[in-house]
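Reading the structure
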Amino acid sequence: KENNTNTYVSKEVIVIGGGLSGLVAARELMKNTNYTVRVLEGRTDRYGGRVWTNRKSLPRSRGVEAELGAMVINSIACKDPPIMQMIADFELQTNLTGDMKIYLPDENLHLEGEQVIDVYSEVLNVLRNAVDKVKSNKKDISVKKAVDMELENFKSKIDKKILSAVLNTLPNIIFEDFSATVYKPENEFGWDTVIVDGLDTFLDRIVAGSDGELPLKIELGKVVHQIKLDPKRQKVVVRIKDGTQRYADAIIVALPVGVFKSKSVLFEPPLPKNWYQAINNLGLGYSNKIIIGFDTAFWPVDTGSFTVSSKTAKDGFLQLWTNLYRYVKKPLLVGNIFGNQASQLENMADDVIKEKALIVLGEMFGNDVVRRNNITVLIRSNWSTDPMIKGSFSYPKVGNNQLIWDTLKDPICPFLYFAGSHTESEGHIDTIHGAFKSGLRAAYQVSSGLCKMRTQQENEAKLKTQKQKETKKEKKFEKDTSKTKAKTIQKDEL
Ligand SMILES: Cc1cc2nc3c(=O)[nH]c(=O)nc-3n(C[C@H](O)[C@H](O)[C@H](O)COP(=O)(O)OP(=O)(O)OC[C@H]3O[C@@H](n4cnc5c(N)ncnc54)[C@H](O)[C@@H]3O)c2cc1C
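Computed from a predicted model, the values in this text were never measured in an experiment.

1. Re the confidence of the model for the chain
In the predicted model, the chain carries a mean pLDDT of 91, and 95% of its residues have values of at least 70. Predicted confidence in the chain is weakest over strand 1 (residues 6-7), with a mean pLDDT of 42, and strongest over strand 9 (residues 218-219), with 98. The model gives residues 1-10 a pLDDT under 50, and that stretch makes ten contacts with residues more than four places away or in other chains.

This is the structure:
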């Protein structure tokens, strides 16, 4: 039976959250089961969550598109077949990020070509040595602290300056309590992969489906605020802010960690204590992007990206830039901001951001050259104040261990399953790769009837304990009766 406000369909799975993880989970379920699958997405204008290819102000152009959220599939994930296989199956064109320049204006230094690869390879060596030592000491400290200790052994002052400048642009160092024990640096330096036409084209293909598949059913503008068990009906009720509700046989919750931390979605009955502890213990990091356009491209137009460390570009503020001219032939740059500076940026006026960007660009390419150009466009993300995200990434804090992700990926039977990049710990934590894997895993947990199996096992275990108790009782009864009998015989004999 179905009406506009209340939907009651048997064997229905609802996926809450239309980010990559939710969309992958929904598609997998549609492929492998005959369940009715529906995605509820809070935003009214788009799905994709932290994958957000800016299309409004920059008309679609073939090339690497301006991403305000995720952009690259990191080099570890590139070696993982499932996500790369799906991208290949969709025949999406990919490119390697490649070719970077490093600017250290305070040292009057800039590095390019092989020098950059050498520096990044050495950065990886430092990271690996630093975290290996922490792991062998068995007492967790932050990656930042571990790296600082490692750099103390460096004799060459200039090498140390270059390495520490580059190291200090990395999110796992900017997030000052990032766990060294959980962190797994890559074994070797490798460029990341981008989808040439924009990451959203990948999501659009998942939604549309391949030949013969139906498109996903996505309901936009459905902000979920409560997920409640209805024991009478043996269903879950999903309550939506517009006053409607949906019933389902299973729910895949694919919401971001920031939303869970803010407790804007309530569970009834509340989830187990260890689940809340895991969510609270995970780190929540901030990151934002600006897309800034000029009359002309005054920077090296063939270079893919720029890393800079200076008095203004420090502590994660505008230290990494992507050159969109290289790909789309438009004078556009994307600047990245990580850490506390990223959340502070959301309170800054456009003019302040523009001025700061000009200073940093001036430090790299010359003040006079930069100031001769007009800014034509400034687009910015606001991930920490975005009510649908409330932060940018989860990350492992000092003291976190595998138990957190084991808890977060485990279903809460009989109806609740979890997807989302924060539920996976392999490769880099909180990546599109993790989101993708989590979607596959959650769908498999549902389709393989994991909760049903667990309930059966629990029932069997209960039955076994009950039987054992009964046998014990029977034995005791037999023993007692034979004792009484023996006593009676004794009495009779007397
Ligand atoms: C600036 C930035 C840059 C990044 N760069 C990279 C990168 O280069 N490479 C990489 O691998 N990763 C990157 N990431 C991380 C990556 O984007 C995420 O790990 C991944 O996209 C998360 O997918 P998800 O499905 O788990 O969550 P999300 O994409 O956050 O999806 C959650 C969905 O739930 C919806 N939602 C929230 N609340 C509700 C509600 N109450 N009711 C209904 N729906 C709701 C949201 O609108 C959203 O669509 C970046 C992230 C940011 C912010």
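2. What about helix 8 (residues 199-208)?
Residues L199, D200, F202, L203 and I206 constitute the buried set of helix 8. Projection of helix 8 onto a plane perpendicular to its axis shows the buried side chains occupying an angular sector of 150 degrees, all on one side. Where helix 8 is buried, its residues meet helix 1 (20-32), helix 3 (81-89) and strand 8 (193-195). Two residues or fewer after helix 8 comes G209, characterised by a positive phi angle close to 85 degrees.

3. Remarks on the nonpolar core
By size, the foremost hydrophobic cluster in this structure holds 63 residues, and its most contacted members are V13, V15, I16, A25, I251 and I252. The biggest single contributor to this core is helix 1, with seven residues. Other than its neighbours up to four places away in sequence, I251 contacts I14, I16, I227, V236, V238, F415, L416 and Y417. By size, the runner-up hydrophobic cluster in this structure holds 59 residues, among which are V134, I292, L361 and W383.

4. Digging into the sheet that holds strand 8
One open sheet accounts for three strands, arranged 4-8-5; its pairing is antiparallel. Only two strands of the sheet have a single partner each, and these edge strands are strand 4 (72-73) and strand 5 (94-96). Here strand 4 runs beside strand 8; their pairing, made up of two bridges, is antiparallel. Of the residues in strand 8, the one forming a bridge with V72 is V194.

5. Focus: the site of the ligand
The immediate surroundings of the ligand are formed by 44 residues, with G17, G19, G42, G49 and T431 found nearest. In terms of residue class, the shell around the ligand is made up of 21 nonpolar, 17 polar and six charged.

6. Quick look at the sheet that holds strand 9
Strand order in the open sheet made by the five strands is 9-3-2-13-22, with parallel pairing throughout. Looking at the sheet topology across the chains shown, the edges are occupied by strand 9 and strand 22 (416-418). Pairing between strand 2 (residues 12-16) and strand 3 (residues 36-40): five bridges, direction parallel. The partner of I16 across the bridge, within strand 3, is L40. Helix 1 rests against strand 2, strand 3 and strand 13 (250-253) of the sheet, and its axis sits at about 170 degrees to strand 3.

7. Structural notes on the environment of A250
Within the secondary structure, A250 sits in strand 13. The exposure class of A250 is buried, given the 26 C-beta atoms found within 10 Å. With 164 residues separating them along the chain, A250 and P414 place their C-alpha atoms 7.9 Å apart. Residues in contact with A250, not counting those within four places in the same chain, are V13, F415, Y417 and V446.

Reading the values: the criteria
- Residues numbered from 1 in each chain as written.
- Predicted model: local features only at pLDDT ≥ 70, side-chain atom pairs only at ≥ 80, totals over all residues.
- pLDDT = per-residue confidence, 0-100.
- Helix = DSSP H or I, 4+ residues; strand = E, 2+ residues; numbered from the N terminus.
- Contact = placed C-beta atoms within 7 Å.
- Buried ≥ 20, exposed ≤ 12 C-beta atoms within 10 Å, placed from the backbone.
- Arc of directions from axis to C-beta.
- Core = buried A, V, L, I, M, F, W, Y, C linked by C-beta atoms within 7 Å.
- Pairing = 2+ DSSP bridges.
- Near = placed C-beta within 6 Å.
- Nonpolar A, V, L, I, M, F, W, Y, C, P; charged D, E, K, R; others polar.
- Axes fitted to C-alpha atoms, helices over the stretch in contact; angles between N-to-C directions.

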